[in-house]
Structure formats: C-alpha cells, structure tokens
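Residue strings, one per chain:
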Amino acid sequence: RQGVVVITGASSGLGLATAKALAETGKWHVVMACRDFLKAETAAKSAGMAKGSYSIMHLDLASLDSVRQFVHGFRQSGRPLDVLVCNAAIYRPTARTPTYTADGYEMSVGVNHLGHFLLANLLLEDLKKSDYPSRRLIILGSITGNSNTLAGNVPPKAGLGDLRGLAGGLSGMTSSAMIDGGDFDGAKAYKDSKICNMLTMQEFHKRFHEETGITFASLYPGCIATTGLFREHIPLFRLLFPPFQKFITKGFVSEEESGKRLAKVVSDPSLTKSGVYWSWNKDSACFENQLSQEASDSAKAQKLWEISAKLVGLA
Ligand code: NDP
C-alpha cells in the first residue's frame, strides 16, 4: 500500500518541496497539516501536485486545542500514520517584544517546540499501530541551534540555561518569555526552539525506539535562504542572505534540493537509523552529524521533556 506521511507547515518552503517530492513518487499520500487551508491548496496546485496525491487538514500549532482537533480529525479520516514530519516553524528575528500562542506561551517556542511536542506525543499511538515496514518521526533541527558550528556562533547564541523561564510558563508576566529566563530576543527564541526540537528527538529515541522500533530522526537540510522563514527579516538581509549563502558560505541549498533531502529521510530504506541528526556535505551526500554539547545533553533533554509535558497538559 501507499505510505501515509503527515507534514506540518507544508504550505511553503521545505514542507511544500518535500510534499511535492514524495507525492510525485506515487508511493506516498501526503497529509499537509497547515494553518491556512487556502494557501496550502493554492501552493499544492501551483507546485503541480496531482489531485488525490495529497489532502489538506487544518492545524494551527499556536493552539493546543487545534493540535488535539487535528489528531481527532486525522483519526476520523481512517488513514494509518506511517511517518510524521514536524517541519513548521516561525522565526521572528527582528521582534522586540514577544507575541503569544492561544495558550499564553511565547510564540516561537510555543509553535516550533510545544505545539509539535504535543502533536508528536499524541500521534505516537498512531505510528505504533501502523503496519508500514519503516515508521518514522522526524523533527527539523537547525545548524543555528548548534554551537559547535560557525553559524551556531553568530550572536545571539542559543542557550536554554536551567530552563527556568520554560518552567515558569514562558508567559512574559509571571516568568520570562525566554526559556533561560533572560530578556526577550526574537532570534534567540527561534534558535532555542530548534535546540528543543533536537533534544526532543533524542528523548523520543531514548524512551520509545527500543520498545516500538520507530525511527526518530532530526536533520539540518542546508541553508534554504529563499524560504518564507526569513519573511520577517529586514529587507536588506532578505536581499543579501541568499547570495551570501550561495557564494561565501556555500551552504545554500535550493528549496527543491532540500525537499529531496527531507523526502529521503522520510522514505529512503538506508536511513532507518534512530536517534540520528542528518546533514549533507558539499557534494550533497548524507552523513550522521554531531550535535553540540547542549543539543545532546541527555539530562537537559529529560528535564525539557518533563516541563514540556506539563505545559501541554500531558502530565
Ligand atoms: P517557511 O516559512 O517557508 O515554512 C514554514 C511553514 O510553517 C509554513 O508553511 C508556515 O505556514 C508554517 N507555520 C508557521 N506557523 C505555523 C502554525 N502556527 N501552525 C501551523 N503551521 C505554521 O520556512 P522553511 O521552509 O524554511 O522552514 C521549514 C523548517 O525547516 C523549519 O522547521 C525550519 O526551522 C527548518 N530549517 C530551515 C532552514 C532554512 O534555511 N530555511 C535551515 C534549517 C532548518 P504559512 O504558510 O501559513 O505561513
């Protein structure tokens, strides 16, 4: 049978390119989990995705209610779940003040981490039930959360500290809106959320891989400098960032190529290893990359899991 993959944030950028790459093979039905139905439908059509190769379901990760409704709706659809890709994200690099999710959590961490944390935990049950030969849960990481890389050392550097802001509820009122309890910084909040994504993948691996056989993986698909992720950045940055990545750092990757990379992590029979953070070298070959000390700190991963579970109502 066809595999069924759910991709969050498939209405643009990497998510859309991956949806297209998988749908084109004819081996996958892609469930595009998106906050804007019309945008997703228009994007799928203009990407040339064949009718019937995908379906669109509403998911707003900035609301835990919406996450629960999505899971309910997905189960009602009667489809099995073979692979879940937690791809959606927001990045607010120039934001001077925090904005908040429906549940009152700072937006970048609320959407990129907490919304996905609840979604992945709830859908784990569905992945367990699937009879597909290789079931996978994939969470997008990033080089910017990895302080063992050049890009990870561009200020403001990511850092979760002792998680006191998160434990306090990231509310900006009774606690800081930042995980480490510091002053709000939009760029750092995104990087912090990506560390959370990488730690979450490892904690899933530790807790569930042996028992379930599910593959848990993260990846850095390369710098896709043209996506909407940078939409809130200043115009000069948006103009110069793609050529800078193309010609200076040479880390640039097109949306199409990045989509092929993520599609491989979803479907390639050779990429079944669990607990891995995949990256690609300059020749576009895939390798198991090292995470920074903080992004691979197992005590922090456990603490992050426990606090996050409380914040999303799982504990
Ligand atoms: P895009 O901005 O193009 O795509 C992000 C997607 O997330 C969009 O579809 C957006 O929906 C969706 N989204 C945002 N907020 C929500 C929400 N509240 N609920 C549901 N969906 C939401 O960015 P990219 O394609 O570049 O990023 C995709 C992933 O890749 C991210 O996890 C990012 O961290 C990661 N990544 C990107 C890199 C890059 O260089 N671009 C590098 C490394 C990692 P909408 O279309 O409605 O806005």
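Residues numbered from 1 in each chain as written. Predicted model: local features only at pLDDT ≥ 70, side-chain atom pairs only at ≥ 80, totals over all residues. Heavy atoms only, no water.

Here we come to the environment of Gly168. Looking at the secondary structure, you find Gly168 in the loop between helix 5 (164-167) and helix 6 (186-212). Overall, the relative accessible area of 34% leaves Gly168 in the partly exposed class. Note: C-alpha distance between Gly168 and Leu314 (146 residues apart in sequence) is 17 Å. (Helix = DSSP H or I, 4+ residues; strand = E, 2+ residues; numbered from the N terminus. Buried < 20%, exposed > 50% of the residue type's maximum accessible area, 1.4 Å probe, protein only.)

Our next topic: the packing of aromatic side chains. Tallying each qualifying case throughout the model produces twelve aromatic pairs. Seen in terms of ring centroids, Tyr91 and Phe230 are 5.9 Å apart; in terms of plane orientation they differ by 90 degrees. Their pairing is edge-to-face. One end of the pair, Tyr91, is in the loop between strand 4 (83-86) and helix 4 (107-129); the other, Phe230, is in the loop between strand 6 (215-219) and helix 7 (235-249), with 139 residues separating them in the sequence. You'll find Tyr91 and Phe230 in the same group, each marked buried. Ring geometry for Phe204 versus Phe216: centroids 5.5 Å apart, planes at 15 degrees, classification stacked. Placement of Phe204 in helix 6 and of Phe216 in strand 6 is noted, with a sequence separation of twelve residues between them. Among the aromatic residues, ring-to-ring pairing joins Tyr91, Tyr190, Phe230, Phe237 and Phe241 into one connected group. (Phe/Tyr/Trp six-rings, centres within 6.5 Å; stacked < 30°, edge-to-face > 60°.)

For the rest of this paragraph, the subject is the site of the ligand. Taken together, 31 residues form the shell around the ligand, and within it Ser11, Arg35, Lys39, Tyr190 and Thr227 come nearest. Taking Ile224, its main chain carries an N or O atom lying 2.8 Å from an oxygen atom of the ligand. Within the backbone of Gly228, one N or O atom sits 3.3 Å away from an oxygen atom of the ligand. Out of a free accessible area of 900 Å², the ligand has 97% covered by protein chains. For the shell around the ligand, the class distribution of residues is 16 nonpolar, ten polar and five charged. (Near = heavy atom within 4 Å. Polar contact = N/O pair within 3.5 Å; in protein donor to acceptor, adjacent residues only side chain to side chain. Areas by Shrake-Rupley, 256 points an atom, 1.4 Å probe, with all protein chains shown as cover. Nonpolar A, V, L, I, M, F, W, Y, C, P; charged D, E, K, R; others polar.)

In this model helix 3 (residues 64-77) runs 20 Å from its N-terminal to its C-terminal C-alpha over 14 residues, within 8% of the 20 Å that 1.5 Å per residue would give. Burial in helix 3 covers these residues: Leu64, Ser66, Val67, Phe70, Val71 and Phe74. The buried residues of helix 3 occupy an angular sector of 155 degrees when the element is viewed end-on, so they sit on one face. For helix 3, the exposed residues set more than 90 degrees away from the buried face come down to Asp65, Gln69, His72 and Gln76. (Expected span 1.5 Å × (residues − 1). Arc of directions from axis to C-beta.)

This part takes up empty space enclosed by the protein. By the definition in use, this model includes one cavity of 30 Å³ or more. The wall of the largest cavity is formed by Cys86, His113, His116, Phe117, Ala120, Ile139, Asn197 and Thr200. Among the elements of the structure, helix 4 and helix 6 are those that each provide at least two residues to the lining of the largest cavity. By residue number, the principal contributor to the lining of the largest cavity is helix 4, which donates four residues. Its residues assigned to classes, the lining of the largest cavity shows four nonpolar, four polar and no charged. (1 Å grid on protein atoms, 1.4 Å probe; cavity = no way out; pocket = protein on both sides within 12 Å on 5 of 7 lines; lining within 4 Å. Points joined across faces, edges and corners; volume = space filled by probe spheres on them.)

Paired through their backbone hydrogen bonds, the strands of a sheet run either parallel or antiparallel. Reading across from one edge, 3-2-1-4-5-6-7-8 is the order of the eight strands in this open sheet, with mixed pairing throughout. Of all strands in the sheet, those with a lone pairing partner are strand 3 (54-58) and strand 8 (286-288), marking the two edges. Adjacent strand axes in the sheet meet at a mean angle of 25 degrees when their direction is disregarded. When strand 1 (residues 3-8) meets strand 4, the two strands line up parallel, connected through three bridges. The residue bridging Val5 from the neighbouring strand is Val83, located in strand 4. Of the strands in this sheet, strand 1, strand 2 (28-34) and strand 5 (136-140) touch helix 1 (residues 13-24), which is tilted by about 160 degrees from strand 2. Here helix 2 (residues 37-46) sits on the sheet in contact with strand 2 and strand 3, set at roughly 165 degrees to strand 3. (Pairing = 2+ DSSP bridges. Axes fitted to C-alpha atoms, helices over the stretch in contact; angles between N-to-C directions. Contact = heavy atoms within 4.5 Å.)

With that settled, consider the pattern of salt bridges. Taken as a whole and judged by the stated rule, the model has 18 salt bridges. A salt bridge links Asp131 to Arg1, with the nearest nitrogen and oxygen atoms 2.8 Å apart. Note that Asp131 is positioned in the loop between helix 4 and strand 5 and Arg1 in the segment before strand 1, a separation of 130 residues in sequence. Overall, the relative accessible area of 63% leaves Asp131 in the exposed class. Of the residues examined, Arg1 reaches a relative accessible area of 54% and is grouped as exposed. Lys300 is the partner of Glu294 in a salt bridge, and the nearest nitrogen-oxygen pair spans 2.7 Å. (Salt bridge = Lys/Arg side-chain N within 4 Å of Asp/Glu carboxyl O.)

Note that every value here comes from positions in space, so none of it alone points to a role or purpose.
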